[in-house]
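Close look at the chain arrangement
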Amino acid sequence: MPYRYLGDIAIADIAFEAQANTREALFVEAGNALTNVMVEDLQSIHPVEHRNFHIKARDLERLLFEFLQVLIFYKDAEQLLLTVPKVSITEKDDNLFLNAEAAGERINPETHELNADVKAVTLHRFHVRHDPEGWKTTVVLDV
Amino acid sequence: MTVPDTLVGISPGVWELPRTYKHGMRVPARLYGTRELVHDFDAGVFEQITNVASLPGIVKYALCMPDGHWGYGFPIGGVAAFDPDHGVISPGGIGFDINCGMRLVSTNLTYDEVKPVLEKLVDRLFERIPAGVGSTGFVKLTPDEFLTVSREGARWCLKNGYAVADDLDRTEEEGCMKGADPAKVSQKAVQRGYNQIGTLGSGNHYLEIQVARQENVYDQELAGAFGITRPDQIVVMYHCGSRGFGHQIATDYLHVLLSVMEREYGINIIDKELACAPFKSPEGQDYFSAMKCAVNMSFANRQVILHRIREVFSEIFRRSPEDLGIRQIYDVTHNTAKLEEHSIDGRAKQLLVHRKGSTRAFGPGMGDLPEDYRKTGQPVIIGGSMETGSYLLAGVKGGAGTFYSTAHGSGRTMSRHSARKMYQGKSLLKDMKGRGIYVRTVSYKGLAEEAGGAYKNIDDVVKATELAGISKRVARFVPIGNIKG
């Protein structure tokens, strides 16, 4: 289960749960889950435009929150649909540093089957946890 | 059964959960609705409205309207008033889509005149008013010009030929909330929003052509005063907000307030989405000033869309907007916090009233209403689902119990995820066409999520507001054309 949408919380919005073996893979899946809310088929997004970005945060939850917000930002500011195939996370002096290489293309209603616009990542039930099955997160998006 | 045992009926359509329901509640929670509506509230409503009741400085009650449903922080349909001197301001009580609201526009056209050109009209509106994920608007601005819009709201539209003075008179706050300070807005918010003036957005945002059938006019006198004067009259109703600009401002300040709330002000909250700060604190005031920028952007957004509506109707009917009687009835915001004067235990008191998915509904004679509506009470625009219908209500004198607030829509009962499983966008579109509703959409999946069956019965919701004495039915409108993102 890389990610799945949840029907039983926050009925006006969209909640998802993602799971992966590593923190980095969890971020990739959560990014895919977010972009997949906006576009039906992730395969329809061709890697024409590339954006690299860096985020510093004190904890993993805030890092994930800011990471997802970047994808929302590019959707509005540059009309870009992005996926992030590569993420690296390092730690230094009690801070976490994320480097991401995102790729995608400008929104085109002719070639992208569009769904709901994501307005924001909410903190409602937002969490990241690690258990014997791996890394997991639950996210509620405002749409 | 999600209804708590301690919920008691107070008066017709009004229910209360006492302070003893949950540790930390400072005031009781009051929920509005018929027995059926209240019993159908999802569990999140009871949990969230009682969390709201625990916020510092809350006055009288935490309130939930009959269209209430699970949100984040506040429930959708949540209303709470705070003492400005000792209480808080919370972005979670306003929503990410700051000044999401409704605008209603009348015409002198009738259904028979519009029916032959309905598809052409809807197609043209769909072409001219951008909707859907990441759409950009037709008003091209530099970031600096955009900041002027965020300060001036619909006044900017009037100066730049996108409005007539009458539109502003008939907009809440006259289309410009005073005290907006663009210096309190992040660069990110500007970058997300400056190219989105004149866009509908997606989700439950839409524009509809509707008919006021004679049998659906409940109060002839009020309807006449609001501009509903002829049988089968055509009106245009739309729902949208402050787009990426408002979403980013809310996100930015959620974190600003979380970072100081406990450390600086010793406030502990149950849910992070209830992040808040004392209203009079620097952070609280900064958020209030930034929020007003988003409020103004949203008024401008709905205003330039009205300009486009005038252009399209004029083009299709080859008559001027004046000749077509295109006149704004009113524009209401249903996601805000505003300073208002209310009577508390017989004494006039200024309060900071948060409404999240709730409409202000000032009664006859109250301040801040335009001359046209001082005697009638405020027009209240209630958007229903795209399949069923919408309402025009009026504020009433007896609305003090909710700080003169009422419902804002029909309220969801089914999650988007479940609606997608139950409905298919393409077949829904075809069914609706068969029922005389012509729809253009950017997203079939998005359309399925908005199916009528995913919402409460709007007739029940508005009747409940009447039962509780917080607003009054004026007219019901039936959709015949819809564009959505």
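Before any of the text, the structure's been laid out above.
How each quantity is defined
- Residues numbered from 1 in each chain as written.
- Chains lettered and ligands numbered in written order.
- Predicted model: local features only at pLDDT ≥ 70, side-chain atom pairs only at ≥ 80, totals over all residues.
- Heavy atoms only, no water.
- Helix = DSSP H or I, 4+ residues; strand = E, 2+ residues; numbered from the N terminus.
- Rg over C-alpha atoms; globule rule 2.2 N^0.38 Å.
- Buried < 20%, exposed > 50% of the residue type's maximum accessible area, 1.4 Å probe, protein only.
- Contact = heavy atoms within 4.5 Å.
- 1 Å grid on protein atoms, 1.4 Å probe; cavity = no way out; pocket = protein on both sides within 12 Å on 5 of 7 lines; lining within 4 Å.
- Points joined across faces, edges and corners; volume = space filled by probe spheres on them.
- Nonpolar A, V, L, I, M, F, W, Y, C, P; charged D, E, K, R; others polar.
- Pairing = 2+ DSSP bridges.
- Axes fitted to C-alpha atoms, helices over the stretch in contact; angles between N-to-C directions.
- Core = buried A, V, L, I, M, F, W, Y, C linked by side-chain atoms within 4.5 Å.
- Buried area = accessible area lost by both parts, 1.4 Å probe.
- Salt bridge = Lys/Arg side-chain N within 4 Å of Asp/Glu carboxyl O.
- Phe/Tyr/Trp six-rings, centres within 6.5 Å; stacked < 30°, edge-to-face > 60°.
- Lys NZ or Arg CZ within 6 Å of the ring centre and 35° of its normal.

Observations concerning the overall build of chain B
Counting its regular elements, chain B contains 15 helices and 19 strands. A compact globule built from 485 residues would reach a C-alpha radius of gyration of about 23 Å, and chain B, at 21 Å, matches this within 12%. In terms of overall dimensions, chain B has C-alpha extents of about 60 × 50 × 45 Å along its principal axes. With 485 residues in all, chain B has 66% of them scored as buried. Taking the contacts inside chain B whose residues are at least 6 apart along the sequence as the reference set, 76% of them involve residues at least 24 apart.

Things to note about the overall build of chain A
Regarding its fold elements, chain A presents two helices and eight strands. Along its sequence from the N terminus, chain A presents helices and strands in the succession β-β-α-β-α-β-β-β-β-β. In terms of overall size, chain A behaves like a compact globule, its C-alpha atoms giving a radius of gyration of 14 Å where 143 residues would be expected to give roughly 15 Å. By principal-axis analysis of the C-alpha atoms, chain A measures approximately 45 × 35 × 25 Å.

Section: the layout of surface pockets
Computed from the structure, the largest pocket encloses a volume of approximately 500 Å³. Here the lining of the largest pocket is composed, by residue class, of ten nonpolar, eight polar and four charged.

Overview of the environment of Leu392 of chain B
Residues and elements named next belong to chain B. The residue Leu392 is located in strand β16 (residues 390–395) in this model. On the basis of relative accessible area, Leu392 is assigned to the buried category, the value being 0%. Measuring from C-alpha to C-alpha, the distance between Leu392 and Glu311 comes to 25 Å, with 81 residues separating the pair along the chain. Leu392 has contacts with Leu104, Phe226, Ile228, Pro379, Val380, Ile381, Lys472, Arg473, Val474, Ala475 and Phe477, leaving out every residue within four places of it along the chain.

Thoughts on the sheet that holds strand β4 (residues 80–92) of chain A
All names here are of chain A. Spatial ordering of the open sheet is given by β3-β5-β4, a layout of three strands whose pairing is antiparallel. Among the strands making up the open sheet, the edge pair consists of β3 (49–57) and β4. Here the strands of the sheet are splayed against their neighbours by 20° on average, with no regard to which way each runs. Bridge count between β3 and strand β5 (residues 95–106): nine bridges; the pairing is antiparallel. Across the sheet, residue Arg51 finds its bridge partner in β5, namely Ala102. The sheet contacts of helix α1 (residues 23–38) involve β4 and β5, and relative to β4 the element is tilted by about 155°. Along the sheet, helix α2 (residues 60–77) contacts β3, β4 and β5; its crossing angle with β3, the most-contacted strand, is approximately 150°.

What about the nonpolar core?
By size, the foremost hydrophobic cluster in this structure holds 99 residues, and its most contacted members are Phe67 and Leu98 of chain A together with Phe245 and Ile249 of chain B. Counting residues per element, this core draws most heavily on α2 of chain A, at twelve residues. Judged by nonpolar contacts, the second largest core, of 31 residues, contains Tyr111, Leu207, Phe317 and Ile483 of chain B.

Regarding the sheet that holds strand β13 (residues 347–356) of chain B
Residue and element names in this part refer to chain B. Ordered in space as β1-β2-β3-β4-β5-β13-β12, the seven strands form an open sheet in which the pairing is mixed. Across the chains shown, the open sheet's two edge strands, defined by having one partner strand only, are β1 (8–11) and β12 (335–344). For this sheet the average axis-to-axis angle between neighbouring strands, irrespective of direction, equals 30°. With six bridges connecting them, strand β4 (residues 58–72) and strand β5 (residues 74–82) associate as antiparallel partners. Bridge pairing in β5 links Ala62 to Ala80.

Brief notes about the interface of chain B and chain A
Facing the 43 residues of chain B at the interface are 40 residues of chain A. Interface area for chain B against chain A, summed over the two sides, is near 3,400 Å², with a carbon-plus-sulfur share of 56%. A per-residue breakdown of the area chain B buries against chain A is headed by Trp70, Val133 and Arg192 of chain B, which together make up 21% of the total. There are six salt bridges connecting chain B and chain A. Among the ionic pairs, Lys445 of chain B bridges to Glu40 of chain A, the shortest N-O distance being 2.8 Å.

Section: the packing of aromatic side chains
With the rule as written, the count across this model stands at 18 aromatic pairs over all chains. Relative to Phe67 of chain A, the ring of Phe27 of chain A lies with its centre 5.4 Å away and its plane at 50°, an arrangement referred to as tilted. You can see Phe27 of chain A sitting in helix α1 and its partner Phe67 of chain A sitting in helix α2, a full 40 residues away along the chain. For the pair Phe27 of chain A and Phe67 of chain A, one class covers both residues: buried. Each ring, one from Phe73 of chain A and one from Tyr74 of chain A, has its centre 5.6 Å from the other, and the planes form 70°; the classification is edge-to-face. The class for Phe73 of chain A is buried, based on a relative accessible area of 12%. What links up through ring pairs into an aromatic cluster is the set Phe27, Phe53, Phe67, Phe73 and Tyr74 of chain A. Here the guanidinium or amino end of Arg308 of chain B rests over the ring plane of Phe138 of chain B, the centre of that ring lying 3.8 Å away. Lying over the aromatic face of Tyr455 of chain B, Arg412 of chain B brings its terminal NZ or CZ to 5.1 Å of the ring centre.

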